[in-house]
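# Fold and contact review
Chain residues, written in single-letter form:
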Amino acid sequence: MDDNGRVARSNTDGSRSRSGIGPSKGLPGYTYLRAPGELWRSRYDGKNNLIVINNGHADYLFASQKRARKLKYICRLFAKELVLNNFRGFDSNELLERMIELSMYTEEHLR
């Protein structure tokens, strides 16, 4: 994310360009899919521009006990999915750095 709040994207040739999230899609919505016992917390459904949240996951069940904690949890899942889908081909250290950066910006605006 640059100083103007735009997400950096990787081009097919590996170079980076600065652009906002595609205007045709915008920010994804989210929905729930109950899958207790499965390890995944969330996944991105690109066809429907949705983040699917596993509301059967133990972390979701714990987070949902308090409204503020649930909101932060969903925010972190969004950060994970947005970073994974906007920084394809980046190494894991850079992905984690971008996730922390995005989490900090979004959590600041939750108040």
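Residues numbered from 1 in each chain as written. Predicted model: local features only at pLDDT ≥ 70, side-chain atom pairs only at ≥ 80, totals over all residues. Heavy atoms only, no water.

### What to know about the pairing of strand S5 (residues 50-54)
Most of S5 sits out of view: four of its five residues are buried. Sheet topology note: the strand S3 (residues 29-33)/S5 ladder contains five bridges and is parallel. Across the sheet, residue Gly 29 finds its bridge partner in S5, namely Leu 50. Examined bridge by bridge, strand S4 (residues 42-45) and S5 share four bridges and lie antiparallel to one another. Looking at S5, one finds that Arg 43 is bridged to Val 52. Two successive antiparallel strands, S4 and S5, enclose a turn made up of four residues, where Asn 49 displays a positive phi of approximately 50°. (Buried < 20%, exposed > 50% of the residue type's maximum accessible area, 1.4 Å probe, protein only. Helix = DSSP H or I, 4+ residues; strand = E, 2+ residues; numbered from the N terminus. Pairing = 2+ DSSP bridges.)

### Observations regarding the sheet that holds S3
In any sheet, the strands associate via hydrogen bonds between backbone groups, in a parallel or an antiparallel arrangement. In space, the three strands of this open sheet follow the order S3-S5-S4, with mixed pairing throughout. The open sheet has two edge strands with one neighbour each: S3 and S4. For this sheet, the mean inter-axis angle between neighbouring strands, taken without regard to orientation, is 30°. Set on the sheet, helix H2 (residues 67-86) makes contact with S3, S4 and S5; between it and S4 the angle comes to about 50°. (Axes fitted to C-alpha atoms, helices over the stretch in contact; angles between N-to-C directions. Contact = heavy atoms within 4.5 Å.)

### Here's the deal with the packing of H2 against helix H3 (residues 92-108)
Closest axis-to-axis distance for the H2/H3 pair is 9 Å, and the angle between their directions is 140°. Put simply, H2 runs oblique to H3. Between H2 and H3 the crossing geometry is right-handed. Contact residues: Lys 72, Cys 75, Arg 76, Ala 79, Lys 80, Leu 82, Val 83 and Leu 84 in H2; Leu 95, Arg 98, Met 99, Leu 102, Ser 103, Thr 106 and Glu 107 in H3. (Parallel < 35°, antiparallel > 145°, perpendicular 65-115°, else oblique. Left-handed = near helix turned anticlockwise from the far one by under 90°.)

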